[in-house]
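Now for the letters of each chain:
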Amino acid sequence: MSSQTDASEDGTVEEQATMQERHESVAAEVLPDSTGLYVGGEFVDAAAAETFDTVDPATGEVLTDVARGREADVDRAVSAAWSAFEETWSGYAAGRRQRVLTAVADTIEDHTEELAKLETLDNGKPISEARVDVRGAAEQFRYFAGVVRENPGETMSEGSRYGQVIAEPYGVVGQVIQWNFPLLMASWKLAPALAAGNCSVLKPAEQTPLSALRLAELIDDVVPDGVVNVLPGYGEEAGEAVASHPDVRKIAFTGSTAVGKRVMKNAAETVTDVTLELGGKSPVVVFPDVDVDRAVSLVSAAIFYNSGECCEAGSRLFVHEAVADELLDGLAAAVESTTLGDPLDEETDLGPKVSREQVERTVEYVEAAREEGGEFLVDGGEPDDATLEDGCYVEPTLVEGLDHDSPPVQEEIFGPVLTVFRWDDYDEMIELANDVEYGLAGGVITDDVRQANEAARDIEAGYVWINSYHDLVPGLPFGGYKQSGIGRELSADTLDHYRRTKTINLSLR
Ligand code: NAD
């Protein structure tokens, strides 16, 4: 494991100052002008005039303060969204919505570098990965601009009866999202909701509110006022108020399974439809025929991309005995050559985690693995590097020998921790691979097509990659089995989560 800064006391202090200065200078360039609540097409203060700080996890410095929305603000945003729906957006035919969505995609693309830098500052992800997110965000709007004209209407004529089944938007939807892909998730939520004809009240995560606010600023001239409302704030305040508001007709939530269950219970009070994109603990299965170098890079990307802060992270490796030693040696070497450091640096592979809380969570699971008798192939934890001590850094961990029932194997760590299992009996391996409460994703690595297909079908998850990982493309639905969620994103079917059917039965008698 290398970090970008080493060496002498003096050198260390100098490098640390450089990282902070660099971040301050980029912040001065890209921080949004407006960090209020975006309601009805305007940036406003919270009713209680409160704010909260958002922090750069690479340096520990406060980036800026942001309005702290609460229930009264949510009321205002929901009512602004309904006004926009009734007065403007519901009158926009599909073709007109298509032009708006395309313009949003163009706007995002035109600001790729700026948005990527902002995302890196607020979230800590390496700049190279932040650019991938921004391109993906634009792609979402472009994709849903493409499917917006899909007309699900049906008609039926029987005797003197003429029936029409039409799809109508809900009106106002509430969307609550997490912090690991802030702009990308805002786009996964907003694009289909708007395409289906709804207005949105979107609550970004409190750790990473800036890219959604900047998006609001950028699209202010492109999207009619009140169609998109962005309401930063804390989960139990703004989040809960959005997700249980009686005038919100549909809730779309991405986040942890624990909070997703609470959202679902609250939605029961108003019998509101819910889609949930929740946690994961995904298996990656390696067969004995693999090209080991290729398998190493796939397994490594599956767990370490975005510092392990991926819902679909391949966090449980099942490697066949025949290639286990070679593959694990290769993985350990790959980890050793990983660069941990300043996420604004093009060479950085692993940036900081999003917050101290997430560092502590990862370290606690690593310690739990130690207490459970885990055998560490790479022992991660916080780096022993003075230049990174103000940031939220965690080095990768590879551990084997854990009981599959133990917490580090069963629970979502959301960090760069890979738990390893060797197998030689296919049925036993599949049984273990499916023995978690989650079912979001999985990976299969083999050149044997028949074997690959069988394993992909046997893995109980909503999305299985064969010989790739994290490759999410609009048009192929993404979502979970079991406690990983309800509903699918990324596909034309997602529009159905944002509209309901109405039957009109006309008597011609
Ligand atoms: P989280 O559940 O703590 O928070 C998610 C969002 O919910 C935040 O905006 C938060 O403010 C809000 N929130 C918190 N309490 C709430 C409440 N009582 N009512 C309404 N909203 C509330 O999750 P997180 O830690 O921010 O994100 C990490 C989790 O997200 C992981 O479990 C990860 O697997 C999951 N995730 C899932 C997907 C997917 O597509 N399945 C994608 C990315 C992340």
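Located above this text is the structure these notes cover.
Below: a short report on this structure. (Residues numbered from 1 in each chain as written. Predicted model: local features only at pLDDT ≥ 70, side-chain atom pairs only at ≥ 80, totals over all residues. Heavy atoms only, no water.)

Further remarks concern the overall build of the chain. When helices and strands are tallied, the chain shows 16 helices and 24 strands. Relative to the 2.2 N^0.38 estimate, which gives 23 Å for 509 residues, the radius of gyration of the chain is 24 Å and therefore close to what a compact globule would have. If one aligns the C-alpha atoms of the chain with their principal axes, the spans along those axes are about 80 × 55 × 40 Å. In the chain, buried positions account for 58% of the 509 residues. (Helix = DSSP H or I, 4+ residues; strand = E, 2+ residues; numbered from the N terminus. Rg over C-alpha atoms; globule rule 2.2 N^0.38 Å. Buried < 20%, exposed > 50% of the residue type's maximum accessible area, 1.4 Å probe, protein only.)

Inspection of the secondary structure assignment puts Thr-362 in helix H12 (residues 356–371). Ignoring any residue separated from it by four or fewer positions in sequence, one finds Thr-362 in contact with Lys-353, Val-394, Ile-413, Gly-415, Pro-416 and Val-417. (Contact = heavy atoms within 4.5 Å.)

Here we come to the pattern of salt bridges. Under the criterion given, the structure shown has 27 salt bridges. Lys-125 serves as the salt-bridge partner of Asp-133, at 2.5 Å between the closest nitrogen and oxygen. Considered together, Asp-133 and Lys-125 belong to a single accessibility category, that of buried residues. Put simply, Glu-50, Arg-68, Arg-70 and Glu-237 are held in one network by salt bridges that share partners. (Salt bridge = Lys/Arg side-chain N within 4 Å of Asp/Glu carboxyl O.)

Aromatic ring pairs are defined here through the distance separating the ring centres and the angle between the ring planes. In the structure shown here, the tally under the stated rule is 14 aromatic pairs. Plain terms: the ring middles of Trp-188 and Phe-478 are 5.7 Å apart, the flat faces sit at 75 degrees to each other, and that makes the pair edge-to-face. In this pair, Trp-188 sits in helix H6 (residues 182–195) while Phe-478 sits in the loop between strand E21 (463–466) and strand E22 (481–482), placing the two residues 290 residues apart along the sequence. An identical accessibility class is assigned to Trp-188 and Phe-478; each is buried. Taken together, the aromatic side chains of Trp-188, Tyr-463, Trp-465, Tyr-469 and Phe-478 make up a single cluster linked through ring pairs. Lying across the ring of Tyr-92, Arg-96 places its NZ or CZ 3.9 Å from the centre. One cation-aromatic arrangement involves Lys-250 over Tyr-498; the distance from NZ or CZ to the ring centre is 5.8 Å. (Phe/Tyr/Trp six-rings, centres within 6.5 Å; stacked < 30°, edge-to-face > 60°. Lys NZ or Arg CZ within 6 Å of the ring centre and 35° of its normal.)

Let us now look at helix H4 (residues 112–123). With 12 residues, H4 should cover 16 Å at 1.5 Å per step; its first-to-last C-alpha distance of 16 Å lies within 8% of that length. With 10 of its 12 residues buried, H4 lies for the most part within the structure. Those residues of H4 that fall on the buried side of the exposure criterion are Thr-112, Glu-114, Leu-115, Ala-116, Leu-118, Glu-119, Thr-120, Leu-121, Asp-122 and Asn-123. Following H4 by one or two positions, Gly-124 adopts a phi angle in the positive range, close to 95 degrees. (Expected span 1.5 Å × (residues − 1).)

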